[in-house]
Amino acid sequence: MCGIIGYISQTKKIETNLFYKSFLKQRHRGPDDEGFVFENNEHKLEFLKSIDSHNDCKELRDITNVENSKFILGHNRLSIIDLSSNGHQPMLYKNIIISFNGEIYNYIELKNELISLGYKFKTSTDTEVLLMAFYHWGIECFNKLNGMWAAAFYDTSTKKMILTRDRFGVKPLYYYHQSDAFIFASEAKTLLPLMQQTPKVNKDVVLNYIKYMKLDYSNETFFENIFSLPAGSYLVYENNKVCIEKYWNLAYDKKDIDYTDAKKKLGLLLKESVSLRLRSDVGVGALLSGGLDSSSIVGLCSKEMNRNIESFSAVFDDKSFSECDNIKKTEKLLDLNVNYIKPKENDFIDDLDDFIYSLDFPVKSMSPYAQYSIYKHIHKNSSVKVLLNGQGADEILGGYNSHKSFYLASLLQTFNFQVMRKEINILNKDFSFSKRNLIKDAMKILLRNKFGNQIKQKYQYKIFNNESDYDVIQTYAKYENSDIYNNKLLSDLTETTLPEYLRYEDRNSMRFSLESRLPFLDYRVVEFSFSIPNSFKYNIGRTKRVLRDSMKPYISEDIYSDKRKLGFVTPQEIWQKECLEKCIDDVFLDIKKNGIFDFLDKNEIYKIYEEYKNSRFHDYGFIWRIFYLYKWKNIFNVE
């Protein structure tokens, strides 16, 4: 797990010292080693070192003492596989140079395949395997990889740069292309100094954040002209032109499969996925909530692989925000060593600016801070450097509360009224959901799916200058000729939910030089999950049915039977009224005086805040978003 960065231009040289200062903004991603390659004044490629490079690089020139260049490629290394200097990057094989962030979990199998084709290896790294695979198969190699990655390949013979990102976008990659300069990096903040201009805000992204809590929904970012390479894609930069192509799309056919066989197949796939993700030359642990997903992972590790890995959990004194009871049951069942971390109010205040800076872009709630606190604790108090995490299961197997209505809509779509009536009765009995509202929501979803994918929606707060009262927004109805329920899961996986959570996962873990691995996002698990009938995922009021049944031998009875969905939550509403009160007061007073951005009405915003203070306005999430946006603007000095 690492950080990558590059600059390339036909005519414009970049100051190497400026490049290095920018590079250091993502040093937390790889503090174990640093390396560079650049084009010198003789138009030859030359490898460079820095003060933090491996001792084996001592004969190289230092990047701070070389001439400016039209091409520089850099790498921060977090050593996970082959901890020796053999893993130093950028790495060269014949005419291909690689700078790589991520892990290729099936690198041993690919290595053996390449050896059978005549290739010889000098290291035990997955980086060398990826480099050889790209040299041999080109872009076709991406579909052979089982892993998470963002990588840059530079062809010295054609001067072509190819960037690639894993299927689901677990690892980030951002780029900026203006005039005759193309730059890219693992984190958007790294690009800001290289743009050599004050960063400007992307108004449309801000409006979607404030109005609809939409984040990470496209390749645009909060910074104007900084883009994210889409997941499952590769980018070719050649002759100052950028071309982006997809190498992978989620394709699946509904399988005619028996439930017992599906349960067995999913269990085997997850076992293989977890086993691959335990490959490491450093300590491996796990994040453990009281939910099904993370409990399944530690259960597989313990009972199938005889690995009682160290686990870490965020808990709160207030039980309404904590899953401590379920965690303790898993701890007892598996005889685990669980570390309980309690995020504190005062810690949050102290960490706030660093938290905002680390996440790059705004967040919808305080929930990512629970994750930040866990990783901070692990970094300070443990030798673990790799963490397994249950992220992704809800998106592929239907774990969110909102999925219930979409499942009912899919039953309505297929005229399966008998099952629909049964499910509604259960939801009414077990969760006190209104039968009338359940039917109403299902019909709305069905009608929008059938008659159009755009609706007019009026925003309730008049805080936008020169904006129409109504917005035309896209809804979930985008995937024709397939069922509503799978459409919703696909949207959550690729657009609405998972991309946002993956950003939190990456920035929080890498802020503390830790690697997070996600077994549920093994592409084989994802493709299989989308191929099975909907009733295997949701049935009799139970979400993730097939996962529950396949993991029953590895989890406690209480978790198997638990129908709640909690996850990493925080007492946000309480904290906003208590420990954060003065900080938020100061922010809104300054907004009243100086505003935030010119398209936001400062007076209307402050009026809403006064109502909030007087308990006449109860949307604390809206207050949070304005507060966070203000803090973000000032930390990154955005115009």
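One can find the structure itself at the top, above this paragraph.
Right, let's walk through the structure included here. Everything numeric here is computed off the predicted structure, so don't read it as measured data.

Criteria and cut-off values
Residue indices follow the written sequence of each chain, beginning from 1 at its first position. Local features in a predicted model are, by the rule used here, given only for residues with pLDDT of at least 70; side-chain atom pairs are given and counted only at 80 or more, and totals for whole chains, interfaces and linings are based on all residues. Water and hydrogen atoms were dropped before computing side-chain values, which therefore reflect all heavy atoms in the structure. In this description a helix means any DSSP run of H or I spanning at least four residues, a strand means any run of E spanning at least two, and both kinds are numbered starting from the N terminus. Radius of gyration means the value over C-alpha atoms here, while the globule rule gives 2.2 Å times the residue count to the 0.38 power. Relative accessibility thresholds used throughout: buried, under 20% of the residue-type maximum; exposed, over 50%; partly exposed, between the two (1.4 Å probe, protein chains only). We call two residues in contact when some of their heavy atoms are within 4.5 Å. In short, Shrake-Rupley with a 1.4 Å probe defines the accessible areas, and a residue's cover is counted only from the protein chains shown. At least two bridges found by DSSP between two strands are what make those strands a pair. Angles run from 0 to 180 degrees between N-to-C directions of axes, and those axes are lines fitted to C-alpha atoms, restricted for helices to the stretch in contact. Patch members must show over 30% relative accessible area and no salt bridge, and they are joined within 9 Å when carrying like charges or within 5 Å when they are nonpolar side chains of Val, Leu, Ile, Met, Phe, Trp or Tyr. Here a salt bridge means any side-chain nitrogen of Lys or Arg lying within 4 Å of a carboxyl oxygen belonging to Asp or Glu. For this count, His and the chain ends are skipped, Lys and Arg are scored as positive, and Asp and Glu as negative. For charged residues, the charge sits on one atom: NZ in Lys, CZ in Arg, CG in Asp, CD in Glu. The term nonpolar core refers to a set of buried residues drawn from Ala, Val, Leu, Ile, Met, Phe, Trp, Tyr and Cys, joined through side-chain atoms within 4.5 Å. Oblique is the label for any angle not covered by the other classes, which are roughly parallel (under 35 degrees), roughly antiparallel (over 145) and roughly perpendicular (65 to 115). Left-handed describes a crossing in which the near helix is turned anticlockwise from the far one by less than a right angle; the clockwise case is right-handed. Residue polarity is assigned by list, with Asp, Glu, Lys and Arg as charged and Ala, Val, Leu, Ile, Met, Phe, Trp, Tyr, Cys and Pro as nonpolar; anything else, Gly included, falls into the polar class. Pairing of aromatic rings covers Phe, Tyr and Trp, the last counted by its six-membered ring, and requires centre-to-centre distances within 6.5 Å; plane angles under 30 degrees mean stacked, over 60 mean edge-to-face, and any other angle means tilted. Two axes enter the bend calculation: one fitted to the seven residues ending at the residue in question, the other to the seven starting there, and the bend is the angle between them.

Considerations on the overall build of the protein chain
Now for step 1: Summing up its helical and strand segments, the protein chain has 24 helices and 21 strands in all.
Now for step 2: Computed over C-alpha atoms, the radius of gyration of the protein chain comes to 25 Å, within 12% of the 26 Å expected from 2.2 N^0.38 for 639 residues, which places it in the range of a compact globule.
Now for step 3: Over its C-alpha atoms, taken along the principal directions, the protein chain stretches across nearly 75 × 65 × 50 Å.
Now for step 4: Considering the protein chain as a whole, with its 639 residues, one finds that 59% of them fall into the buried category.
Now for step 5: Taking contacts inside the protein chain between residues at least 6 apart in sequence as the whole, the part at least 24 apart equals 73%.
Now for step 6: Accessible surface, the protein chain: about 26200 Å² in total, of which carbon and sulfur atoms supply 46%.

Considerations on the sheet that holds strand S14 (residues 241–246)
Now for step 1: Spatial ordering of the open sheet is given by S6-S7-S8-S9-S13-S14, a layout of 6 strands whose pairing is antiparallel. The sheet is open, and its two borders are formed by strand S6 (91–93) and S14, each paired with just one other strand. Strand-to-strand twist in this sheet, taken as the mean axis angle between neighbours without regard to direction, amounts to 20 degrees.
Now for step 2: The pairing of strand S9 (residues 160–165) with strand S13 (residues 233–238) spans 4 bridges and is classified as antiparallel. Within S13, the position partnered with Leu163 by the bridge is Leu235.
Now for step 3: Contacting S6, strand S7 (96–104), strand S8 (147–155) and S9, helix H3 (residues 126–137) runs over the sheet at an angle of about 125 degrees to S7.

What about the environment of Leu110?
Now for step 1: One can find Leu110 in helix H2 (residues 107–116).
Now for step 2: For Leu110, a relative accessible area of 4% gives the class buried.

Looking at a positive patch on the surface
Now for step 1: Residues Arg436, Lys440, Lys444 and Arg448 make up a contiguous surface patch of positive charge.
Now for step 2: One can find Lys444 in helix H14 (residues 435–451).

A closer look at the nonpolar core
Now for step 1: Counting 105 residues, the largest nonpolar core has Leu130, Phe142, Leu388, Leu493, Leu521 and Leu547 as its most contacted members.
Now for step 2: The contacts of Leu130, once residues within four sequence positions are left out, are Ile98, Phe100, Ile104, Cys141, Leu145, Ala151 and Phe153.
Now for step 3: With 89 residues, the next largest nonpolar core counts Leu359, Val363, Phe617 and Phe627 among its residues.

Regarding the pairing of S9
Now for step 1: Most of S9 sits out of view: 5 of its 6 residues are buried.
Now for step 2: Looking at chain direction, S8 and S9 are connected through 6 bridges and run antiparallel. Each residue of the ladder has a partner; that of Ala152, found in S9, is Leu163.

Observations regarding the packing of helix H23 (residues 602–613) against helix H24 (residues 620–636)
Now for step 1: At a minimum axis separation of 11 Å, H23 and H24 run at an interaxial angle of 135 degrees. Classified by the angle between their axes, H23 and H24 sit oblique to one another. H23 and H24 meet at a crossing whose hand is left-handed. Contacts from Ile605, Ile608, Tyr609 and Tyr612 of H23 reach H24 at Tyr620, Phe622, Ile623 and Ile626.
Now for step 2: When grouped by side-chain class, the residues that make up the contact of H23 with H24 number 8 nonpolar, no polar and no charged.

Looking at the packing of aromatic side chains
Now for step 1: For the structure on display, the rule yields 50 aromatic pairs.
Now for step 2: A ring pair is formed by Phe182 and Tyr237, whose centres lie 4.7 Å apart and whose planes are at 10 degrees; its orientation type is stacked. Here Phe182, found in strand S11 (residues 181–185), pairs with Tyr237, found in strand S13; they are 55 residues apart in sequence, far enough to count as distant. Taken as a pair, Phe182 and Tyr237 share a single burial class, namely buried.
Now for step 3: Taken together, a centroid distance of 5.8 Å and an interplanar angle of 90 degrees make the contact between Phe355 and Tyr369 edge-to-face.

Some remarks on the pattern of salt bridges
Any two side chains of opposite charge can pair, given that their charged atoms come close.
Now for step 1: In total, this model carries 35 salt bridges according to the counting rule given.
Now for step 2: The salt bridge partner of Glu67 is Arg61, with a shortest N-O separation of 3.4 Å.
Now for step 3: Overall, Arg61 belongs to the partly exposed group, its relative accessible area being 34%.
Now for step 4: Among the ionic pairs, Asp558 bridges to Lys329, the shortest N-O distance being 3.4 Å. Placement of Asp558 in helix H20 (residues 557–561) and of Lys329 in helix H8 (residues 324–334) is noted, with a sequence separation of 229 residues between them.
Now for step 5: On the accessibility criterion, Lys329 (35% relative accessible area) is partly exposed.

A word on the pairing of S8
Now for step 1: A large share of S8 lies buried, amounting to 9 of its 9 residues.
Now for step 2: Neither face of S8 is left uncovered, since the one carrying Gly147, Trp149, Ala151, Phe153 and Asp155 and the one carrying Met148, Ala150, Ala152 and Tyr154 both have all their residues buried.
Now for step 3: In the sheet, S7 pairs with S8 via 9 bridges, with the strands oriented antiparallel. When the bridges of S8 are listed, Asn101 appears paired with Ala150.
Now for step 4: Between S8 and S9, which pair antiparallel and follow one another directly, the connecting turn spans 4 residues, one of which, Lys159, has a positive phi of 60 degrees.

Things to note about the packing of helix H7 (residues 292–303) against H8
Now for step 1: Interaxial distance between H7 and H8 falls to 11 Å at its minimum, and their mutual angle equals 10 degrees. Comparing the axis directions of H7 and H8 gives the class roughly parallel. Two secondary-structure elements touch here, H7 through Ser295, Val298, Gly299, Ser302 and Lys303 and H8 through Thr330, Leu333 and Leu334.
Now for step 2: Here the residues of the contact of H7 with H8 sort into 3 nonpolar, 4 polar and 1 charged.

Comments concerning helix H9 (residues 345–359)
Now for step 1: At Asp351, H9 shows its largest kink, close to 55 degrees.
Now for step 2: Along H9, the residues classified as buried are Phe348, Asp351, Leu352, Phe355, Ile356, Ser358 and Leu359.
Now for step 3: For H9, the secondary structure elements touched by its buried residues are helix H4 (188–195), helix H10 (367–381), helix H16 (498–511), helix H21 (572–577), helix H22 (581–594) and H24.
Now for step 4: Where H9 ends, the next residue or the one after it, Asp360, has phi of about 70 degrees, a positive value.

Quick look at the sheet that holds strand S21 (residues 515–517)
Hydrogen bonds between backbone groups are what pair the strands of a sheet, and the pairing can be parallel or antiparallel.
Now for step 1: Taken in spatial order, the 5 strands of this open sheet run S17-S16-S15-S18-S21, and their pairing is parallel. Looking at which strands have only one partner, the edges of the open sheet turn out to be strand S17 (338–341) and S21. Ignoring strand direction, the axes of neighbouring strands in this sheet form an average angle of 30 degrees.
Now for step 2: When strand S15 (residues 283–287) meets strand S18 (residues 384–388), the two strands line up parallel, connected through 4 bridges. Opposite Gly285, over in S18, you have Leu387 as the bridge partner.
Now for step 3: Across the sheet, H10 lies against S15, strand S16 (310–314), S17, S18 and S21, angled at about 140 degrees from S16, the strand it touches most.

In short, shape yes, function no, at least from these values alone.
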